[in-house]
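The chain contents come next:
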Amino acid sequence: MVAMTTDTTGTAARDGESRRSGPADSPFVRACRRESVPHTPVWFMRQAGRSLPEYREIRANVGMLDSCRRPDLVAEITLQPVRRHGVDAAILFSDIVVPVAAAGIDLDIVAGTGPVVAEPVRTAGDVERIRRIDRADVSYVDEAVRLLVAELGDTPLIGFAGAPFTLASYLVEGGPSRTHAKTKAMMYGQPELWHALCARLAEVTLSFLRVQIDAGVSAVQLFDSWAGALSEADYRRFVLPHSTAVLSGLADTGVPRIHFGVGTAELLGAMGEAGADVVGVDWRTPLDVATRRIGPDRAVQGNLDPTVLFAPWPVIEAEVRRIVAQGRDTPGHVFNLGHGVLPETDPEVLTRVVALVHEVSARRAEQG
Ligand code: CP3
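In this text the structure is predicted, and so the values were computed from the model without any measurement.

Among the secondary structure elements, T291 is positioned in helix α15 (residues 287–294). The residues touching T291, leaving out its near neighbours within four places in the chain, are V300, T330 and P331.

Within soluble globular proteins, side chains that are nonpolar generally end up buried alongside one another. One finds F28 and V353 to be the most contacted residues of the largest nonpolar core, which totals 124 residues. Of the residues forming this core, the biggest block, 12 residues, is contributed by helix α12 (residues 191–215). Ignoring sequence-local partners within four residues, the contact set of V353 consists of F44, L309, W313, I316, V320 and F335.

A full pass over the atoms with the stated rule returns 19 salt bridges. The salt bridge involving R135 is made with D214; its shortest N-O contact spans 3.5 Å. Placement of R135 in the loop between α8 (124–128) and α9 (139–152) and of D214 in helix α12 is noted, with a sequence separation of 79 residues between them. Accessibility expressed as a relative area gives 41% for D214, which makes it partly exposed. E232 is the salt-bridge partner of R236, the closest N and O atoms lying 2.8 Å from each other. Of this pair, R236 and E232 both sit in helix α13 (residues 232–248), four residues apart, which is roughly one turn of the helix. Each of E128, R132, R200 and E203 takes part in salt bridges that share partners, so that together they form one network.

In the region of the ligand, 26 residues are neighbours, and R46, Y55, D95, S225 and H339 sit closest. A distance of 2.7 Å separates an oxygen atom of the ligand from a polar atom in the backbone of R46. Here the ligand has 870 Å² of accessible area as a free molecule, and 91% of this is covered by the chains. Along the lines of polarity and charge, the residues of the shell around the ligand split into 15 nonpolar, seven polar and four charged.

Let us now look at α9. Because the α-helix completes a turn every 3.6 residues, residues three or four places apart line up on one side. The end-to-end C-alpha separation of α9 is 20 Å, in line with the 20 Å expected for 14 residues at 1.5 Å each. Residues of α9 that are buried: Y140, V141, D142, A144, V145, L148, V149 and L152. G153 sits one or two positions beyond α9 and adopts a positive phi of about 60°.

The sheet built from seven strands is open, its strands ordered β1-β4-β5-β6-β7-β8-β9 with parallel pairing. Here the strands that pair on one side only, and so sit at the sheet edges, are β1 (90–91) and β9 (333–337). In terms of strand pairing, strand β5 (residues 219–223) meets strand β6 (residues 257–260) through four bridges, oriented parallel. In the sheet register, Q221 faces β6, and the bridge partner there is I258. Of the strands in this sheet, β5 and β6 are in contact with α13, which crosses β6 at around 155°.

Here we take up the UniProt feature "site: Transition state stabilizer" (unreviewed entry) in the chain. Per the UniProt record, the feature "site: Transition state stabilizer" (unreviewed entry) sits at D95. Inspection of the secondary structure puts D95 in the loop between β1 and α7 (98–102). Among all residues touching D95, those that are not within four sequence positions of it are M64, C68, I109, P115 and F160.

Procedures and definitions
- Residues numbered from 1 in each chain as written.
- Predicted model: local features only at pLDDT ≥ 70, side-chain atom pairs only at ≥ 80, totals over all residues.
- Heavy atoms only, no water.
- Helix = DSSP H or I, 4+ residues; strand = E, 2+ residues; numbered from the N terminus.
- Contact = heavy atoms within 4.5 Å.
- Core = buried A, V, L, I, M, F, W, Y, C linked by side-chain atoms within 4.5 Å.
- Buried < 20%, exposed > 50% of the residue type's maximum accessible area, 1.4 Å probe, protein only.
- Salt bridge = Lys/Arg side-chain N within 4 Å of Asp/Glu carboxyl O.
- Near = heavy atom within 4 Å.
- Polar contact = N/O pair within 3.5 Å; in protein donor to acceptor, adjacent residues only side chain to side chain.
- Areas by Shrake-Rupley, 256 points an atom, 1.4 Å probe, with all protein chains shown as cover.
- Nonpolar A, V, L, I, M, F, W, Y, C, P; charged D, E, K, R; others polar.
- Expected span 1.5 Å × (residues − 1).
- Pairing = 2+ DSSP bridges.
- Axes fitted to C-alpha atoms, helices over the stretch in contact; angles between N-to-C directions.
- UniProt positions renumbered as here; feature names shortened; annotations may be inferred.

Below is the structure:
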């Protein structure tokens, strides 16, 4: 059991190419490494969640954060979309604010709103309130990952965390924000405080991702969902060093790193420099254009508009075919949405999309 866990964390791939099997040799991990694949791998951001009736049922009387702290529930919810859709990877059921709560910040996830912070972070004293974390602070995540790795077999598990900017936005604003006005006010007005906050968040995030990697995840995704609110110059000055600290801090693990944001067309080059192996692309930028901005040394992930899933099937099919074809010109392509699954999405459509991606890409692989 222990030997198997070691073998599936990517250690085998790192130490020598001799004996790869299991998740480390799955189409998803191979695409992240820009290796040949039998078909384009596909998974969906927010696949574990409210589009599934079996999820709504299991969550009926359990709060969001409470459910993230119960390894049995985390494992079940993580597995639901894998069973139902046949996706190429599972994503751990959790939330980006879980490590921040573990670090001592009083917050809740309010249904229909998102994370709400009791006392927003605005001063140096507030930054000090964010404690460093270790495995013991998030033992439920460690346990959930171990359960899942044993359960998933050859299917890789993706761990994740929020990037410093996106986390800082929730902490400084106190909740979701359209403009990120208070966040940017700190960034421009108190740059030292801003950098201290992001440096602390980067430390927490790095520890949190290392716990997941040690427990056996096959890849990690760093969500910088709201980075698209920034100009490239501000991103490079205020955000890139901190995201780089997280991503390059994981380089020694050999586990593929995915870096994702929304509205990041102008930032794709800079985001690609932060140290990820795969850059997530939203639906606004065609994958071939994105690849030119990111460069040939990274794979790409994306990028079906999640609202296209509400269109008639022929429209969906055409879009999936276009994206698979554009992904062929990139050095490695992981099919995904451009952002998370919307709660009203028909799960049967997601299942059909998975089958279509596999079918179209496998046939093309045979021809090519
Ligand atoms: O992708 C997955 O399926 C794994 C689980 C996952 C959740 N949140 C579960 C969740 C992941 C990867 C996240 C990441 C996350 N959380 C991000 C980054 C991804 C993105 O969408 O950009 C962000 C910004 C958050 C913060 C957050 N948490 C928001 C904005 C919301 C939505 C609020 C709402 O209710 O509309 C949440 C809550 C949340 N996180 C839910 C789930 C399944 C819904 C809560 C519920 O079902 O009651």
